[in-house]
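Residue-level listing of the chains:
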Amino acid sequence: PTPLARSSAAAVQLLIVRLTQVLSIPRRAAHRDMLRFEGAAQFRQRIVLSTLSGRPIRIDKIREAEGTDASQPSGLQDFEGNFLRLLEKFVNGCEIRINETATTLRYTPGIIIGGEITHDCGTSRGIGYFVQPLLMLAPFAKQSLEATLTGVTNEQYDVGTDLLRTITLPMLRHFGLPDASLRIIRRGAPPKGGGELQLSVPVVRELNAVELTEQGRFKRVRGVAYGSKVSPQLANRMVEATRGVLNNYLPDVWVYTDLYKGKASGNSAGFALSLVAESTSGSLLGAEVCGVSGALPEDVGLAAASALLEEVRQGGAIDSYNQSLALTLMCLSAEDVSRVRTGPLTEHSIGTLRLLRDFFGVSFQISADAADDSVLLVCRGVGFRNMSKRTT
C-alpha cells in the first residue's frame with residue numbers, strides 16, 4: 001500500500017478508537033449513576049422519574065418482609081406488573097429485569113414515544129392509578145398521547161376519573177397544557193370493572209412556572225353522583241345528603257346525577273359521589289367517596305361533603321389528590337421560581353420531594369402557615385425540555 005493509503009488506514013483506526021471511547025463513557029456513567037432503593041413504596045414515582053431523568057434504578061426487597069407470612073403477598077403485585085406493561089407500550093427501548101421471586105427490579109429507561117395506545121388496566125386498582133404517571137410523562141413524549149384505558153373508573157383507593165377530568169386537567173393548564181382532555185366512555189365499578197376512558201395529552205417544548213398560592217373565597221360547588229346498574233333513587237339520596245350539609249355554607253351547590261344502564265354501565269353495580277369547589281381565585285378542590293358494599297347513599301353523601309370541607313379548611317390552592325403531580329411538574333418546569341400552596345403534605349408527597357432531590361437535585365423551600373394547616377412550597381425548575389418536539 002502507498003503511504004497515503006497507510007496514513008488513511010491509521011486515521012480510520014484512530015477514529016474508531018476514539019468513537020469506542022466516547023460510546024463507552026455513557027455506559028460507565030449510567031452504571032455509576034444507577035440509583036438504588038428498597039421496598040415497594042413510591043413504585044410508580046421511581047419509575048417515572050427514572051424515565052424522565054434517564055437514570056437507571058434498582059429496587060430491592062420489594063415486599064420481602066411480608067413474604068415470611070404466607071397470608072401476605074410478596075414481591076411485585078399484579079397491578080405493578082400491569083403498570084410496567086403499560087410503560088413498555090409508552091417508552092421505547094426501556095429494559096426491565098425482575099428476579100425469580102419478583103423482589104428485585106432493575107429498570108433502564110428508554111425514549112418516551114407516546115402515540116396511540118390501548119391498555120387493559122385490570123381490576124386490582126383503578127384507572128387513576130395508571131393515568132397519573134402518564135400525565136407526568138406524556139408532555140415530554142415524541143408524539144401526543146392518545147390512550148384508551150379500560151378497567152375500574154371509580155375506586156376507593158385511587159383518584160377517580162371524575163376528579164381527574166374536573167380538577168387535575170384544569171390544573172395542567174397552569175403548566176402550559178390547555179388541550180389535555182379525558183372522556184369517560186363507560187363506567188366500571190369494582191370488582192369486575194368494565195369501564196373505559198379516552199385520554200389525550202399534547203406534547204410541549206417546556207412547562208411553565210406556576211404561581212398557585214391564593215385559595216380565595218369559594219363561590220360554588222359542583223358534583224357528579226353516578227350510579228351503574230342501581231336504582232336512580234340511590235343517586236338522588238346522595239345528592240340530598242350532600243346538599244343538606246353544603247347548603248349551610250353556600251347557596252350555589254349543584255350535583256348532577258349520572259346514571260348508566262346496559263353496556264355503558266360496565267360489569268358491576270356501584271355508585272360514587274365526586275365534588276368540586278371553585279374559588280374566586282380559580283382554585284379547584286375536590287373530594288370523592290365510593291359506595292363500598294353495604295354502604296348507604298346518605299353516608300356516602302355526608303362523607304363526601306365532610307371531605308370537601310376538610311380540603312377547604314386546610315387552606316391549600318390545590319387538593320391532596322394532586323400534590324405529588326404538582327410538585328413533580330414544578331421541578332420539571334422552566335428555569336424560574338414556582339410557588340404552590342397546599343394543605344398538609346401527604347406521605348406520598350413527602351416521598352416525592354425526596355425522590356425529586358435524588359433524581360434532579362432539586363430542593364424545595366417549605367414554610368408552614370400558622371393561621372391554618374397550609375404549606376407554601378417554593379422551588380426553581382430544572383428547565384426540562386422535550387427535545388423530540390419540533391419547533392415551529
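Nothing here was measured: the structure is a model prediction, and the numbers come from that model.

Peer 1: Help me understand the nonpolar core in this model?
Peer 2: Within soluble globular proteins, side chains that are nonpolar generally end up buried alongside one another. L52, F90, L199 and F360 are the most contacted members of the largest nonpolar core, which totals 88 residues. With near-sequence residues (within four places) excluded, L52 lies in contact with I112, M136, L137, F140, L332, F360 and F384. One finds A225, A235, V245 and V255 within the second-largest nonpolar core, a separate group that totals 23 residues.

Peer 1: How should I be thinking about the packing of aromatic side chains in this particular structure?
Peer 2: Working definition: an aromatic ring pair is given by the centre-to-centre distance plus the angle between the planes. Per the counting criterion, the structure on display carries eight aromatic pairs. Judged by centre distance (6.4 Å) and plane angle (70 degrees), the rings of F43 and F83 are edge-to-face. Separated by 40 residues along the polypeptide, F43 in helix α2 (residues 43–53) and F83 in helix α3 (residues 78–90) bring together distant segments of the chain. The class of F83 is buried, set by a relative accessible area of 2%.

Peer 1: Would you take a moment to explain the layout of surface pockets for this structure?
Peer 2: Regions of empty space are outlined by a rolling probe, equal in size to a water molecule, passed over the atoms. Taken as a whole, the largest pocket encloses approximately 870 Å³ of empty space. Every element with two or more residues in the lining of the largest pocket is listed here: α2, α3, α4 (128–137), β15 (284–290), α8 (323–332) and α9 (347–360). Residues belonging to the lining of the largest pocket are distributed by class as follows: 18 nonpolar, eleven polar and ten charged. Quantified by volume, the second largest pocket comes out at close to 300 Å³. Lining the second largest pocket are Q215, G216, R217, F218, V221, L246, Y249, L250, A277, L308, L309 and V312. Secondary-structure elements contributing two or more residues to the lining of the second largest pocket are β12 (218–228) and α7 (297–313). Among the elements that take part in the lining of the second largest pocket, α7 stands out by supplying three residues, more than any other. For the lining of the second largest pocket, a count of residues per class yields nine nonpolar, two polar and one charged.

Peer 1: Explain the confidence of the model for the chain to me, please; I cannot follow it from the model alone.
Peer 2: Any residue range with low pLDDT should be treated as having predicted coordinates unsuitable for detailed reading. Residues at a pLDDT of 70 or more form 89% of the chain, whose mean pLDDT is 89. Confidence over residues 2–7 falls short of pLDDT 50; this stretch has one contact with residues more than four positions distant or in other chains. Contacts for the low-pLDDT stretch residues 14–32, under 50 throughout, to residues beyond four places or in other chains number one contact.

Peer 1: Whenever I open this one, the packing of α2 against α9 confuses me. Can you help?
Peer 2: Angle between the axes and distance between the axes are the two parameters that describe a pair of packed helices. With their axes 10 Å apart at the nearest point, α2 and α9 run at an angle of 25 degrees to one another. Put simply, α2 runs roughly parallel to α9. Crossing hand, α2 versus α9: right-handed. Facing Q45, R46, L49, S50, L52 and S53 of α2, the residues of α9 in contact are H348, T352, L355, L356, F359 and F360. Class assignment for the residues of the contact of α2 with α9 results in six nonpolar, five polar and one charged.

Peer 1: I'm lost on unusual backbone geometry in this one. Help?
Peer 2: A negative phi angle is the norm for most residues apart from glycine, just as the trans form is the norm for most peptide bonds. Here the amide bond leading from P190 into P191 is cis, since omega sits at 10 degrees, within 30 degrees of zero. Structurally, the position occupied by P191 is in the loop between β9 (181–186) and β10 (195–201). Its identity as a non-glycine residue notwithstanding, Q42 has a phi of 55 degrees, on the positive side. Note on placement: Q42 falls in the loop between β1 (35–38) and α2. The exposure class of Q42 is buried, given its relative accessible area of 16%. Non-glycine residue K61 carries a positive phi angle of around 55 degrees. On the secondary structure map, K61 appears in the loop between β2 (57–60) and α3.

Peer 1: What's the story with the packing of α4 against helix α5 (residues 161–174) in this structure? I'm lost.
Peer 2: Axis separation between α4 and α5 bottoms out at 12 Å; the angle between their running directions is 10 degrees. Taken as axis vectors, α4 and α5 run roughly parallel relative to one another. Contact residues: α4 offers G128, V131, Q132 and L135, while α5 offers L164, T168, L169 and L172.

Reading the values: the criteria
Residues numbered from 1 in each chain as written. Predicted model: local features only at pLDDT ≥ 70, side-chain atom pairs only at ≥ 80, totals over all residues. Heavy atoms only, no water. Core = buried A, V, L, I, M, F, W, Y, C linked by side-chain atoms within 4.5 Å. Buried < 20%, exposed > 50% of the residue type's maximum accessible area, 1.4 Å probe, protein only. Contact = heavy atoms within 4.5 Å. Phe/Tyr/Trp six-rings, centres within 6.5 Å; stacked < 30°, edge-to-face > 60°. Helix = DSSP H or I, 4+ residues; strand = E, 2+ residues; numbered from the N terminus. 1 Å grid on protein atoms, 1.4 Å probe; cavity = no way out; pocket = protein on both sides within 12 Å on 5 of 7 lines; lining within 4 Å. Points joined across faces, edges and corners; volume = space filled by probe spheres on them. Nonpolar A, V, L, I, M, F, W, Y, C, P; charged D, E, K, R; others polar. pLDDT = per-residue confidence, 0-100. Axes fitted to C-alpha atoms, helices over the stretch in contact; angles between N-to-C directions. Parallel < 35°, antiparallel > 145°, perpendicular 65-115°, else oblique. Left-handed = near helix turned anticlockwise from the far one by under 90°.

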